[in-house]
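Observations on the model geometry
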Amino acid sequence: MTTRIFVPRDTTAISLGADLIATLIQAEAASRGLDIEIVRNGTRGLFWLEPLIEVETSEGRIGFGPVTESDVSALFNEHFYHGNQTHPSCLGLVEEIPYLKKQQRLTFARSGITDPVSLADYKAHDGYKGLENALNLSGQQIVDEVKTSGLRGRGGAAFPTGIKWQTVLDASGEQKYIVCNADEGDSGTFADRLVMECDPFMLIEGMTIAGLAVNANQGYIYLRSEYPIAFDIMNQAIASAYENGYLGKDILGSGRQFDLEVRLGAGAYICGEETSLLDSLEGKRGLVRAKPPLPAIVGLFGKPTVVNNVLSLAAIPYILHHGGEAYAEYGIGRSRGTMPIQLAGNVKYGGLVELAFGIPLNELMNDFGGGTRSGRPLKAVQVGGPLGAYLPESQWDTLIDYEGFSAEKAVLGHGGVVMFDDTVDMGEQARFAMEFCTFESCGKCTPCRIGSTRGVEVIDRIRAGENQDKNWELLEDLCDTMVDGSLCAMGGMTPFPVQSVMKFFPDELRSARQE
Amino acid sequence: MKMTKHSDWRMDDVRAIIQELKHKPGALLPVLHAIQDYIGYLPDSIVPVVAKEMLLTRAEVHGVISFYHHFRSHKTGRHVVEICRAEACQSVGARALEKHAKATLGIDFEQTTSCGSVTLEPVYCLGNCATGPSVRIDDSIYGRVSEDRFDELMADCRDTMQEAG
């Protein structure tokens, strides 16, 4: 009987050598005359264990990780392919690993289990059940289901998805678009990438349902060029969906049309801002547009457009399969459902943790994350990407909840949690926040374009001990100007990390560290 | 590792690429990507050709090329090496890795080694944030890149250059 061995093919597993491991396993099996089949699955998101290979047995899948090049022949000597658990890298049943078992995976239910480009595998694991239901509903009924779910935009802005869809459904016009924002530029985030690399059909299904809901027949995935593997896997899945009638002129014989194309960005962080993204998709410089008009009314090529983050659209198949109420049963307050948290930076057990809203931040960083990778004390954590505040220890009991973070003048954003140990120079981090904005500002509005450059200069003066009190006051004023006067969140939020350093780590900003 | 190409490209091929893609709505980015994939960069001489074929002004085409970090107007080395400078990688030593890379290669960002093997560039996040510092070489991404690992990777880049003669 053929033994199935799973070797992940997501960016992180490959960045740690998974391709080589797959090749070596294949060669070793061939030289020993063993009948094995290698499946390149997605990742489970337990990155400290990558490359994490799995063997299918009658009891379940047995994991081994992290597997190095030199482990391969020993694994064969220990008959790992029979599920023997004697090799030191053995992790036992993967589903029983506490990090995974304690999660509530709704969006990432299939991640690491299936072959991402196998439509048959997707369908065997509840794939396309949401679309089948949606095809029997009116657009309004679909939108109502999304409203019931309480889903809010997972890109960071947390706007209610159902209300956005309602606006596009109600907008007049023959041509409407669904645009997926896959320009996941925030440092510390990789959940969008995991959706696209590990379960791309889920995103295709979510976008198709969105198209049915608002009567849009064309979708675009705006994908950042930094994700070459996601681009490849997404395109393979789309081709397969076309071949099997899940995309195109007549979806599953319903007479409804939905076409989908992946478009590559070109290394501009600002294009994650929805209006800048639309200009980029139109073939222009990615300049931010003034709002109103909202993209829901005047969007891509001037037509009504749903612009949603990958994770928002990826939540839709579950909602249409199980119902909005089932999704809304998870979470707290106005934050319903689950949030895929990404533990990153200086973390011992980094990876993806999908849980209902409401878990305290420190439980994620310590119980799941295991503290820092360096073993040194944790000092600060930046949540929500480069525009998010740095949280000191006094704020680590904050619950994962949009309103909870707002109350602390912080943002949950896209759910990235970047941990720093006590060697970090917080003054340097504040400077970098401004510096990043100088690189990535689209240049349309003055507070962002000029403010960020002045911000770097003022911080340099403060750190050099030049006129500190006056420059401190100037920096405060500059931050207020950028927050209040910028056209979009780029300039408007760049001060957040700076202000958090000014408030919680003022001494480090005042004195540049001597090397 | 994939080699970037730039010798022996022909303007007729560039025209063919434009013809194939220009019917798409908002086709300029796909067109520029395809040309850069073909040549390895976007030479100034393609700007008027793209503009004419797509009924745009040269200023519009130039403006788009100069806006996006990914589009390059200059020839690169045989390999493009991008070091992540974003926060998650900073927390695990990316600043030190950046210094090490610049010192050992003897170049700054946006420069190419004198032997022509490596162009060094900054990148802001490769989405490999739990296993940094991260480095991209052409289309391959590497995680937990220590200084020693970086040196090994650079040795590979030089070897492929020598093999290619």
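Read on for a plain summary of the structure. (Residues numbered from 1 in each chain as written. Chains lettered and ligands numbered in written order. Predicted model: local features only at pLDDT ≥ 70, side-chain atom pairs only at ≥ 80, totals over all residues. Heavy atoms only, no water.)

Some points on the overall build of chain B
Helix and strand counts for chain B stand at seven helices and five strands. Its helices and strands in sequence order give chain B the pattern α-α-α-α-β-α-α-β-β-β-β-α, from N to C terminus. Buried residues in chain B amount to 56% of all 165 residues. Considering only contacts within chain B whose residues lie at least 6 apart along the sequence, 65% involve residues at least 24 apart. (Helix = DSSP H or I, 4+ residues; strand = E, 2+ residues; numbered from the N terminus. Buried < 20%, exposed > 50% of the residue type's maximum accessible area, 1.4 Å probe, protein only. Contact = heavy atoms within 4.5 Å.)

Quick word on helix α18 (residues 446-463) of chain A
Residues and elements named next belong to chain A. Taking 1.5 Å as the rise per residue, α18 with 18 residues should run 26 Å; its terminal C-alpha atoms sit 25 Å apart, in good agreement. If you look at α18, its biggest bend is around 30°, right at serine 452. All of the buried residues in α18 are Pro447, Cys448, Gly451, Ser452, Gly455, Val456, Val458, Ile459, Ile462 and Arg463. Its buried side turned inward, α18 meets α17 (426-440), α19 (468-485), α20 (489-493), α21 (495-504) and α22 (506-510). Directly beyond the C-terminal end of α18, a positive phi value near 80° is found at glycine 465. (Expected span 1.5 Å × (residues − 1). Bend = angle between axes of the 7 residues up to and from the residue.)

As for the pairing of strand β14 (residues 378-383) of chain A
All names here are of chain A. The element β14 is extensively covered by neighbouring structure, given that six of its six residues are classed as buried. Of the pairings in the sheet, the one linking β14 to strand β16 (residues 416-421) comprises five bridges and is antiparallel in character. Looking at the pairing, valine 383 lines up with valine 417 of β16. In this sheet, strand β15 (residues 390-391) lies alongside β14 in antiparallel orientation, the contact comprising two bridges. The residue bridging valine 381 from the neighbouring strand is leucine 391, located in β15. What sits between β14 and β15 in their antiparallel hairpin is a turn of six residues, with glycine 384 showing a positive phi close to 90°. (Pairing = 2+ DSSP bridges.)

Digging into empty space enclosed by the protein
Under the counting rule described, the total for this entry stands at three cavities of 30 Å³ or more. Along its surface, the largest cavity is lined by Ile270, Val288, Ser441, Cys442, Gly443, Lys444, Cys445, Cys448, Leu487, Cys488 and Met490 of chain A. (1 Å grid on protein atoms, 1.4 Å probe; cavity = no way out; pocket = protein on both sides within 12 Å on 5 of 7 lines; lining within 4 Å. Points joined across faces, edges and corners; volume = space filled by probe spheres on them.)

Digging into the environment of alanine 86 of chain B
Relative to the elements of secondary structure, alanine 86 of chain B occurs in the loop between β1 (79-84) and α5 (87-90). Taking the C-alpha atoms as reference points, alanine 86 of chain B and valine 123 of chain B, 37 residues apart in sequence, are found 7.7 Å from one another. In this structure, alanine 86 of chain B is in contact with Ser187 and Phe432 of chain A together with Val123, Tyr124 and Cys125 of chain B, ignoring residues within four places of it in sequence.

Here we look at the packing of aromatic side chains
As enumerated under the stated definition, the model contains 23 aromatic pairs over all chains in all. The structure contains a cluster of three or more aromatic residues connected by ring pairs, namely Tyr269, Phe432, Phe436 and Phe439 of chain A together with Tyr124 of chain B. Stacked on the ring of phenylalanine 6 of chain A, the Lys or Arg arginine 61 of chain A has its end atom at 3.5 Å from the ring centre. One cation-aromatic arrangement involves arginine 510 of chain A over tryptophan 472 of chain A; the distance from NZ or CZ to the ring centre is 4.3 Å. (Phe/Tyr/Trp six-rings, centres within 6.5 Å; stacked < 30°, edge-to-face > 60°. Lys NZ or Arg CZ within 6 Å of the ring centre and 35° of its normal.)

Here we look at a nonpolar patch on the surface
Residues and elements named next belong to chain A. On the surface, Leu294, Ile297 and Val298 cluster together into a nonpolar patch covering about 240 Å² of accessible area. Relative to the helices and strands, isoleucine 297 resides in the loop between α12 (274-281) and β9 (305-309). Here isoleucine 297 falls in the partly exposed class, since its relative accessible area comes to 45%. (Patch = residues over 30% accessible without salt bridge, like charges linked within 9 Å, V, L, I, M, F, W, Y side chains within 5 Å. Areas by Shrake-Rupley, 256 points an atom, 1.4 Å probe, with all protein chains shown as cover. Salt bridge = Lys/Arg side-chain N within 4 Å of Asp/Glu carboxyl O.)

Overview of a negative patch on the surface
Together, Glu473, Glu476, Asp477, Asp480 and Asp484 of chain A make up a region of like negative charge exposed at the surface. Of note, aspartate 477 of chain A is situated in helix α19. (Lys, Arg positive; Asp, Glu negative; His and termini not counted. Charge placed at Lys NZ, Arg CZ, Asp CG, Glu CD.)

A word on the pattern of salt bridges
All names here are of chain A. Taken as a whole and judged by the stated rule, the model has 42 salt bridges over all chains. The shortest N-O distance in the salt bridge between glutamate 274 and lysine 164 comes to 3.9 Å. Highlighted residues: glutamate 274 in helix α12 and lysine 164 in helix α8 (residues 161-170), separated in sequence by 110 residues. Relative accessible area serves as the criterion here: at 18%, glutamate 274 is assigned to the buried category.

Describing the interface of chain B and chain A
Each side of the interface is counted separately: chain B has 40 residues, and chain A has 61 residues. Interface area for chain B against chain A, summed over the two sides, is near 3,800 Å², with a carbon-plus-sulfur share of 54%. Among the residues chain B hides against chain A, the three largest losses belong to Phe67, Glu87 and Tyr124 of chain B. Together they make up 18% of the total. Counting every contact that joins chain B to chain A gives three salt bridges. Across the contact surface, chain B and chain A share 29 residue pairs in polar contact (both at pLDDT 80 or more). (Buried area = accessible area lost by both parts, 1.4 Å probe. Polar contact = N/O pair within 3.5 Å; in protein donor to acceptor, adjacent residues only side chain to side chain.)

Topic: unusual backbone geometry
Trans peptide bonds make up most of the peptide bonds, and negative phi angles are found at most residues other than glycine. Residues and elements named next belong to chain A. Here the residue pair lysine 291 and proline 292 is connected by a cis peptide bond, since its omega of -5° sits within 30 degrees of zero. Within the element layout of this structure, proline 292 appears in the loop between α12 and β9. Positive phi, close to 55°, is recorded for histidine 79, a residue that is not glycine. Among the secondary structure elements, histidine 79 is positioned in the loop between α3 (72-77) and β5 (90-93). Backbone geometry places leucine 252, a non-glycine residue, at a positive phi of 50°. Mapped onto the elements, leucine 252 comes out in the loop between α11 (228-243) and β8 (259-264).

Here's the deal with the sheet that holds strand β2 (residues 36-39) of chain A
Sheet strands pair via backbone hydrogen bonds, and the direction of the pair is either parallel or antiparallel. Residue and element names in this part refer to chain A. Spatially, β2-β1-β3-β4-β5 is the arrangement adopted by the five strands of the open sheet, whose pairing is mixed. Strand pairing shows two members of the sheet lacking a second neighbour, β2 and β5, which therefore form its edges. When strand polarity is set aside, the average angle formed by the axes of neighbouring strands in this sheet is 25°. In this sheet, strand β4 (residues 60-64) lies alongside strand β3 (residues 53-57) in antiparallel orientation, the contact comprising five bridges. Each bridged residue has a counterpart across the sheet, and for glutamate 56 the counterpart in β4 is arginine 61. Running over the sheet, helix α2 (residues 18-31) touches β1 (3-6), β2 and β3 and is turned about 170° from β2. (Axes fitted to C-alpha atoms, helices over the stretch in contact; angles between N-to-C directions.)

Thoughts on the sheet that holds strand β2 (residues 111-112) of chain B
Residue and element names in this part refer to chain B. Strands sit in the order β2-β3-β1-β4-β5 across an open sheet of five strands; the sheet is mixed. Single-partner strands in this sheet number two, and they are β2 and β5 (140-142). Sheet analysis places β2 next to strand β3 (residues 118-123), joined by two bridges and oriented antiparallel. Among the inter-strand pairings, glutamine 111 is bridged to a residue of β3, identified as leucine 120.

Here we look at the state of the cysteines
All names here are of chain A. Tallied over the full model, the rule gives zero disulfides over all chains. For the unlinked cysteine cysteine 479, the closest cysteine sulfur is that of cysteine 437, found at 11 Å. In this structure cysteine 479 comes out as buried when scored by relative accessible area, which is 0%. Lacking any disulfide linkage, cysteine 488 is separated from the closest cysteine sulfur, that of cysteine 448, by 6.3 Å. (Disulfide = S-S within 2.5 Å.)

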